[in-house]
Amino acid sequence: MADFVTEELLRLLLSMAVGAGFAIVYDVFRIARRAVKHSYAAVSGEDIIFWLAAGVAAFFFFLFLDEGKLRLYTVFGIFAGIMLYRITLGRLLVPFFSKIIKKILKIATNLLKKVINWYNIKRKKHSDKQGVKKGGKIEKKRKASGTEAVK
């Protein structure tokens, strides 16, 4: 009898770990949504993909855990794992990582803007050295044929 109870307790703990894993994966989506604005369609699409993947993962979990038998305490364990994670680590990790990713994106954006500005300045200096005038070939052809370009 004690072995049976121990086995069920291990199944319950394993199902709680699976639930916590689902919550962690969903928190990745939550962190991305906080860091970068998402449209309603993108959020809906992400949710559909997550729930389809979670459903398939839960199906295989039940299949391998107890030969596909659906036991109420394992379903409860998954939901308990989700809730336990959300009220403990989830409250801390989502805001923390959201702020870090926002800062990284801000630094990367500023760096990219500086690189683009540097490239535009270099390109302009290079074109000025070669004597290329604004207007390009069309303006040169008009001057060569005797018609002036209208400014």
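Placed above this text is the structure.
The structure displayed is predicted, hence computed values, not measured ones.

**Q** Could you clarify how one ought to interpret the overall build of the protein chain in this entry?
**A** A tally of helices and strands in the protein chain yields five helices and zero strands. Secondary structure elements in the protein chain, listed N-terminal to C-terminal, are α-α-α-α-α. Going through the 151 residues of the protein chain one by one, you find that 21% of them count as buried. Contacts spanning at least 24 positions in sequence make up 74% of the contacts within the protein chain whose residues lie at least 6 apart. About 12100 Å² of surface is accessible on the protein chain, with carbon and sulfur atoms providing 70% of the total.

**Q** Would you mind showing me how to read the nonpolar core here?
**A** As a rule of thumb, soluble globular proteins bury nonpolar side chains together. Ranked by size, the top nonpolar core spans 14 residues in total, and within it Phe22, Phe50, Phe61, Phe62 and Ile78 carry the most contacts. When contributions to this core are tallied by element, the ones reaching two or more residues are helix 1 (2-35), helix 2 (40-66) and helix 3 (72-87). Considering each element in turn, this core owes the most residues, six residues, to helix 2. Contact partners of Phe50, with chain neighbours within four places excluded, come to Phe22, Val25, Tyr26 and Phe29.

**Q** Sorry if this is basic, but what is going on with the environment of Ile104 here?
**A** Mapped onto the elements of the fold, Ile104 is located in helix 4 (residues 89-129). Ile104 gets classed as exposed once you look at its relative accessible area, which sits at 51%. Sequence separation of Ile104 and Ala35 is 69 residues, and the distance between their C-alpha atoms is 9.7 Å.

**Q** Help me understand the packing of helix 1 against helix 3 in this model?
**A** When two helices pack together, their arrangement is given by the angle between the helix axes and the distance between those axes. As a packed pair, helix 1 and helix 3 sit with axes 6 Å apart at the nearest point and diverge in direction by 45 degrees. Taken together, the axes of helix 1 and helix 3 are oblique relative to one another. In this structure, helix 1 meets helix 3 at a crossing whose hand is right-handed. Touching Glu8, Arg11, Leu12, Ser15, Met16, Gly19, Ala20, Phe22, Ala23, Ile24, Asp27 and Arg30 of helix 1 are Tyr73, Thr74, Gly77, Ile78, Ala80, Gly81, Ile82, Leu84, Tyr85 and Arg86, all from helix 3. Of the residues in the contact of helix 1 with helix 3, the class split is twelve nonpolar, five polar and five charged.

**Q** Looking at this structure, I do not really get the pattern of salt bridges. What am I missing?
**A** Side chains carrying opposite charge are able to pair once their charged atoms draw close together. On inspection of all chains with the given rule, the structure shows six salt bridges. We note a salt bridge from Asp66 to Arg11, for which the minimum N-O separation is 3.4 Å. One end of the pair, Asp66, is in helix 2; the other, Arg11, is in helix 1, and 55 residues separate them in sequence. The same class applies to Asp66 as to Arg11, namely buried. The partner of Glu46 in a salt bridge is Arg33, and the shortest N-O contact between them spans 2.9 Å. Of this pair, Glu46 sits in helix 2 while Arg33 sits in helix 1; the two residues are 13 residues apart in sequence, bridging distant segments of the chain. A relative accessible area of 18% places Arg33 in the buried class.

**Q** I tried to follow a positive patch on the surface on my own but got confused; where do I start?
**A** Judged by side-chain charge, Arg34, Lys37, Lys99, Lys102 and Lys103 come together as a positively charged surface patch. Here Lys99 is to be found in helix 4.

How each quantity is defined
Residues numbered from 1 in each chain as written. Predicted model: local features only at pLDDT ≥ 70, side-chain atom pairs only at ≥ 80, totals over all residues. Heavy atoms only, no water. Helix = DSSP H or I, 4+ residues; strand = E, 2+ residues; numbered from the N terminus. Buried < 20%, exposed > 50% of the residue type's maximum accessible area, 1.4 Å probe, protein only. Contact = heavy atoms within 4.5 Å. Areas by Shrake-Rupley, 256 points an atom, 1.4 Å probe, with all protein chains shown as cover. Core = buried A, V, L, I, M, F, W, Y, C linked by side-chain atoms within 4.5 Å. Axes fitted to C-alpha atoms, helices over the stretch in contact; angles between N-to-C directions. Parallel < 35°, antiparallel > 145°, perpendicular 65-115°, else oblique. Left-handed = near helix turned anticlockwise from the far one by under 90°. Nonpolar A, V, L, I, M, F, W, Y, C, P; charged D, E, K, R; others polar. Salt bridge = Lys/Arg side-chain N within 4 Å of Asp/Glu carboxyl O. Patch = residues over 30% accessible without salt bridge, like charges linked within 9 Å, V, L, I, M, F, W, Y side chains within 5 Å. Lys, Arg positive; Asp, Glu negative; His and termini not counted. Charge placed at Lys NZ, Arg CZ, Asp CG, Glu CD.

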